[in-house]
Amino acid sequence: MPASPPRDRFRAEITALRAVAVMLVVLFHLWPGRLPGGYIGVDVFFVISGFLITGHLLRETADTGRVDLARFWARRARRLLPAAYLVLAVSAIAVWLWMPLVSWGQNFKEIVASALYVQNWALAADSVDYLAAENDPTAVQHYWTLSIEEQFYLVWPLLVLLATVLAVRMGRSRRLMVAIVLGAATAASLAYSLWITQANPPAAYFVTPARAWQFGAGALLALWMGSATVRRGTPTALLSWAGFLTLAWCGFVYDESTPFPGTAAIVPVVATLVVIWAGEPRGLLSPAPLMRWRPTHTLGEISYSMYLWHWPPIVILPFVLGAELGFWERVGILVFTIVVSWATKRWVEDPVRFTHRFGLRRPATTGLATLVGAALLVGGSMVGVQSAASAQERAAKVAAQLEEDAPPCFGAASRDPENPCHNPDLDDQLIPTPEAVVTDYAKDYPGCFAGVHDTELNDCTFGDLSDRSLPHVTLLGDSHARSFLPALVRMADQKLITLSAQLKSSCSWTRDEIRHDDPLRVSSCQEWKQNLQEWLLDRTDSTDLILTTGYAQMLTGSDDERVESMEAAWQPVVDRGVRVVAIRDNPRLPRAPQKCLSQLDEITPDACAFTREEALSKFDAFAATGRRVDGAQTLDLSDLYCDDETCPAIIGGVNVYRDITHLSVTYVRTMTPYVYRRLVDMNALPRPS
């Protein structure tokens, strides 16, 4: 029988695919270790959307010869925005009520991005921003997929309209011209997706051009199935089963290490296309009974609301409970999601979608309602953003004042190796506060830090370089080295040294490539290091000391290979008489300390501490190379972070860590006299006269 073109009727295979897709995503988020590839459910939704929307647009152009854009966009708004805006509003209220102030800024900014349907671009920007790379997930992070869908709905009908106009002007078949235009867009998107997945994997996952081909694949199937010449063969039941089983296979086999979307996304996309093409097969082995099974039908019908509702509780509930989610809490989230999604479909989605009241069927009215809803969400969220910013500003001022007139035993002073001390007045202090420490990095020296993809060196100096009576120090490394810049600048201000700095995100002073899934970041680091090596060799006569450190876990190779890589980079400079001191990398924490600190009812000196084993057990190539290379030394500051058993999150009333891998600038500044004293004791710097 000729295949029928897509219709606005109940399609059991589409409903079943929606049920499978939403359960893949929900179970992946609730139990990621059990279904590590469940994220492919998103790709299933994209293909379905491309198939259905294109079928609708084709019928409209066939019936009227044009596309009524205002009417199309109004229908999409009535279908998608009521539930989406409801969940955003509830999420905003929940963030305000239960999440700590430290998380407000990021959460409310992403609520704004989600309300404006640009969330995917916000996450893509964060994915290549080293300051944002370790942000905790927000309550609305999952809206990135909806942003891509809305962008598709905005552009796709314009392409269909363009193809229709071209067909009329050129005297060609509308269907043929639509196929050419949409096929070209789909092919271009697929090519771009394959390229960017290799070139910039973190961004590739979120950017719209890398995902558009998945919608396009569904669109081309709609075009093909609308042809009267297309005939289904007999093994449709087997093909349908094969499609569903392939999706399940992807859910279990794919994981976070799978390059995605890229070539890996082709498999679930093709599987989805096969299921749609097979339709609702007949026969003894047909999956049709499961497609029409009541639970399958229900899950498919409420799949959109389920996608919206399932994620916010996963993020917010741990703050409500004061504990991480256990098995039964996750089961409770699943049950809650199903129940509230059914209620949303029954009392929010369908009434607004099909109503004839309030003039909502008119595109202008729908557009106005959309603008009002978006304005309310954006306005309310900006209040939250401003509240967080004001709190950060107040806390930063308090920290600056306290640092300027530091009380006894403040910060690292409490761990002075020669005179350790304890100030009871600091026992209940936390400077900076959790909401302020997220911005407590060396941001006052923007010209000293090359970006993730930069290859040019910096022009970053402090002190009077013409004064050769002062030793000249050069600081090299990545953002971990950058943490020490304020302490060294303070030494330069005190006329103890002069200083130059060459710093680049994710790029330590080694020979070999760094460990990172962004190839451009890796290649730019290699080019930057080549420029750095020439720069260093040109300045050996005027350089007395090089200080270097970095994120040890980003180095590649075995322990011995990491040391050999550093030795190869350092040795030419050491051979010219320049002393090198490697600073042992700071602790890497297993959990974000600010999340714990922000939930405390009472601040105590031992709150949110980590064991030394958790924080300092990894091999450190910087320390090992400093001990191995003649003319180099190792500066181990571990006793300023940790004692024999624990690594506190609070030392002398100071918040030690900005995140799980970076020190706070406030704490590093309190380390200044002890860093200088040790460099002098090591004879790396001359004793002051």
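See above for the structure.
Note that this is a predicted model, so its numbers are computed, not measured.

**Student:** Could you give an account of the state of the cysteines, naming the residues involved and the relevant values?
**Tutor:** Applying the stated criterion across every chain yields a total of five disulfides. Covalent S-S linkage joins Cys 448 and Cys 460, the inter-sulfur distance amounting to 1.9 Å. Its S-S torsion of approximately 80° makes the covalent link between Cys 448 and Cys 460 right-handed. Of this pair, Cys 448 sits in the loop between α17 (434-437) and β1 (449-450) while Cys 460 sits in the loop between β1 and β2 (461-462), placing them 12 residues apart in sequence. Of the two residues, Cys 448 and Cys 460, neither departs from the other in class, the shared state being buried. Cysteine pairing in the chain follows 1-2, 3-4, 5-6, 7-8, 9-10, where each cysteine in a disulfide is numbered by its order in the sequence.

**Student:** Break down the packing of aromatic side chains for me, with residues and values.
**Tutor:** A complete count under the given rule lists 24 aromatic pairs for this structure. Judged by centre distance (4.3 Å) and plane angle (20°), the rings of Phe 152 and Phe 215 are stacked. One end of the pair, Phe 152, is in helix α6 (residues 144-170); the other, Phe 215, is in helix α9 (residues 212-225), with 63 residues separating them in the sequence. The same class applies to Phe 152 and to Phe 215, which are both buried. Members of the aromatic cluster, joined through ring pairs, are Phe 28, Tyr 39, Trp 144, Tyr 205, Phe 206, Trp 249, Tyr 254 and Phe 260.

**Student:** Could you give an account of the environment of Arg 174, naming the residues involved and the relevant values?
**Tutor:** Tracing the backbone shows Arg 174 in helix α7 (residues 174-199). According to the relative accessible area criterion, Arg 174 is partly exposed, its value standing at 36%. As a C-alpha pair, Arg 174 and Thr 164 span 10 residues in sequence and 5.6 Å in three-dimensional space. Those residues in contact with Arg 174 that sit more than four places away from it in its chain are Thr 61, Gly 65, Thr 164, Ala 167 and Val 168.

**Student:** An account of the pairing of strand β8 (residues 632-635) is needed here, citing residue identities and associated values.
**Tutor:** Burial along β8 is two-sided: the face carrying Ala 632 and Thr 634 and the face carrying Gln 633 and Leu 635 are both buried. Pairing between strand β6 (residues 579-583) and β8: four bridges, direction parallel. Along β8, the bridge assignment pairs Val 580 with Ala 632.

**Student:** Please set out helix α19 (residues 485-493) residue by residue, giving values where relevant.
**Tutor:** A large share of α19 lies buried, amounting to seven of its nine residues. By the burial criterion, the buried members of α19 are Leu 485, Pro 486, Ala 487, Leu 488, Val 489, Met 491 and Ala 492. Directly after α19, the chain includes Lys 495, whose backbone phi takes a positive value near 60°.

**Student:** Outline unusual backbone geometry, listing residues and values.
**Tutor:** Cis geometry is found at the peptide bond from Phe 260 to Pro 261, where omega equals 10°. In this structure, Pro 261 sits in the loop between α10 (236-253) and α11 (266-278). Geometrically, the link from Ile 431 to Pro 432 is a cis peptide bond, its omega value of -5° lying close to zero. Backbone geometry places Tyr 117, a non-glycine residue, at a positive phi of 60°. Residue position: Tyr 117 is located in the loop between α4 (104-115) and α5 (119-127). One non-glycine residue, Asn 683, adopts positive backbone phi at about 65°. Along the chain, Asn 683 turns up in the segment after α26 (672-681). Judged by relative accessible area, Asn 683 falls into the exposed class, the value being 56%.

**Student:** Talk me through the packing of helix α3 (residues 69-98) against α6; I want residue IDs and the actual numbers.
**Tutor:** Where α3 meets α6, the closest approach of the two axes is 11 Å, and the angle between their N-to-C directions is 160°. Compared by their axis directions, α3 and α6 come out roughly antiparallel. Regarding α3 and α6, the two cross each other, and that crossing is right-handed. Mapping the contact onto sequence places Leu 69, Phe 72, Trp 73, Arg 76, Leu 80 and Leu 81 in α3 and Glu 150, Tyr 153, Leu 154, Pro 157, Leu 158 and Leu 161 in α6. Considered class by class, the residues forming the contact of α3 with α6 number 10 nonpolar, no polar and two charged.

**Student:** Provide a residue-level description of the pattern of salt bridges, including the pertinent values.
**Tutor:** Across all of its chains, the model carries 18 salt bridges by this definition. Asp 43 serves as the salt-bridge partner of Arg 211, at 2.7 Å between the closest nitrogen and oxygen. Here Arg 211, found in the loop between α8 (201-204) and α9, pairs with Asp 43, found in helix α2 (residues 41-64); they are 168 residues apart in sequence, far enough to count as distant. Using a relative accessible area of 1% as the deciding quantity, one classes Arg 211 as buried.

Definitions and cut-offs
- Residues numbered from 1 in each chain as written.
- Predicted model: local features only at pLDDT ≥ 70, side-chain atom pairs only at ≥ 80, totals over all residues.
- Heavy atoms only, no water.
- Disulfide = S-S within 2.5 Å.
- Helix = DSSP H or I, 4+ residues; strand = E, 2+ residues; numbered from the N terminus.
- Buried < 20%, exposed > 50% of the residue type's maximum accessible area, 1.4 Å probe, protein only.
- Phe/Tyr/Trp six-rings, centres within 6.5 Å; stacked < 30°, edge-to-face > 60°.
- Contact = heavy atoms within 4.5 Å.
- Pairing = 2+ DSSP bridges.
- Axes fitted to C-alpha atoms, helices over the stretch in contact; angles between N-to-C directions.
- Parallel < 35°, antiparallel > 145°, perpendicular 65-115°, else oblique.
- Left-handed = near helix turned anticlockwise from the far one by under 90°.
- Nonpolar A, V, L, I, M, F, W, Y, C, P; charged D, E, K, R; others polar.
- Salt bridge = Lys/Arg side-chain N within 4 Å of Asp/Glu carboxyl O.

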